[in-house]
Amino acid sequence: EQSTTKKNDQTTTKKSGEGELTAYRIQKYQKIFAGGTFLMEFTTNDEDFGDVPITMAIKNNNIYIKTKIQSMDCKMLYKSGTGKNGTTYLIIDDFKKYCKMPEDLMSGEDMDVSNLVGKFGKEINKKITVSKVSTSGKTLICESYVSDDGTTSKYYFDNDTLVRRDDVAKDGTVTSTFISRITSDVPDELFEIPKNYGYLNLSFLSGLT
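Treat the numbers as computed from the prediction; the structure is a model and nothing was measured. (Residues numbered from 1 in each chain as written. Predicted model: local features only at pLDDT ≥ 70, side-chain atom pairs only at ≥ 80, totals over all residues. Heavy atoms only, no water.)

Overview of the pairing of strand 11 (residues 152–158)
Across a regular strand the side chains alternate sides, sitting on one face of the sheet and then on the other.
Thinking step 1. As defined by bridge partners, strand 10 (residues 138–146) adjoins strand 11 across six bridges and the pair is classed as antiparallel. Residue pairing across strands places isoleucine 141 opposite phenylalanine 157, the latter belonging to strand 11.
Thinking step 2. Taking the residues that link successive antiparallel strands as the turn, the strand 10-strand 11 hairpin has five residues, and the phi of glycine 150 there is positive, at about 90 degrees.
Thinking step 3. With seven bridges joining them, strand 11 and strand 12 (residues 161–168) adopt antiparallel strand pairing. Residue pairing in the sheet places lysine 154 in a bridge with aspartate 166 of strand 12.
Thinking step 4. Between strand 11 and strand 12, which pair antiparallel in sequence order, lie two residues; one of them, asparagine 159, sits at a positive phi of approximately 60 degrees. (Pairing = 2+ DSSP bridges. Helix = DSSP H or I, 4+ residues; strand = E, 2+ residues; numbered from the N terminus.)

Here it is in structure tokens:
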């Protein structure tokens, strides 16, 4: 057995004996993400987001993101097929308002579906190591692999349910995503602006960028 410890959440790892565990859980979720229709609720350890819950949904190349900005409930809605790069709306629920983000203001923002799915949905051609992990008093199954750039990607499963992903850089920096829900059942109404919301015209911002 080989044991490792991670300081911030008291994680210990014990590799199982051969034949006890097999790697199949990552592939299960790869199919969900690669299918292009899914909803995921999560938090991250990114300082820019703190512990604010984030909901992201993708369907028919449309993207829905819900989070809090300055303590306000906000949604970002990207609708493909309109405009050169699609159309992005900011929806502010607290004021029941929405606005269309000018294309030149969004030109530096990449809302491409493949980039948002990114590392979660890409095909893995590396050897996957499977281990049992004890963290926060709970035993999880970890499937991990090392990319060409030296980054170790670790997927943590509660039985067969994905609950966390860590990307460990060569310098030891850990980027974590803590997942509370993943489903391929995505309601169409997520991608519609509520009819009782008023419109804010932000076209004047184009001249300021």
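Digging into helix 1 (residues 25–34)
Thinking step 1. Those residues of helix 1 not exposed but buried are Arg25, Ile26, Tyr29, Gln30 and Phe33. Across the axial projection of helix 1, the buried residues extend over an arc of 135 degrees, all falling on one side. With respect to the buried face of helix 1, the exposed residues turned more than 90 degrees away are Lys31 and Ala34. (Buried < 20%, exposed > 50% of the residue type's maximum accessible area, 1.4 Å probe, protein only. Arc of directions from axis to C-beta.)

Some words on unusual backbone geometry
Thinking step 1. Phi angles above zero are rare outside glycine, and asparagine 61 is one such case at about 70 degrees.
Thinking step 2. Looking at where asparagine 61 falls in the secondary structure, it is placed in the loop between strand 4 (54–59) and strand 5 (62–69).
Thinking step 3. Unusually for a residue other than glycine, serine 136 sits at a positive phi of about 55 degrees.

Some points on the pairing of strand 7 (residues 87–92)
Thinking step 1. Judged by how many residues are buried, strand 7 sits mostly within the fold: six of six residues are covered.
Thinking step 2. Covered by surrounding structure in strand 7 are Thr87, Tyr89 and Ile91 together with Thr88, Leu90 and Ile92, the residues of both alternating faces.
Thinking step 3. Direction of pairing for strand 6 (residues 72–79) relative to strand 7: antiparallel, over a ladder of six bridges. Bridge pairing in strand 7 links leucine 77 to tyrosine 89.
Thinking step 4. Bridge count between strand 7 and strand 8 (residues 97–100): four bridges; the pairing is antiparallel. Bridge assignment links isoleucine 91 to a residue of strand 8, and that residue is tyrosine 98.
Thinking step 5. Two successive antiparallel strands, strand 7 and strand 8, enclose a turn made up of four residues, where lysine 96 displays a positive phi of approximately 50 degrees.

Looking at the side chain of lysine 59
Thinking step 1. Within the secondary structure layout, lysine 59 lies in strand 4.
Thinking step 2. Of the residues examined, lysine 59 reaches a relative accessible area of 19% and is grouped as buried.
Thinking step 3. At a separation of 2.9 Å, a polar atom in the side chain of lysine 59 contacts the main-chain carbonyl oxygen of valine 186.
Thinking step 4. In contact with lysine 59, other than residues within four places in its own chain, are Gly36, Thr37, Val186, Asp188 and Phe191. (Polar contact = N/O pair within 3.5 Å; in protein donor to acceptor, adjacent residues only side chain to side chain. Contact = heavy atoms within 4.5 Å.)

Spatial relationships are all this shows, so hold off on functional conclusions.
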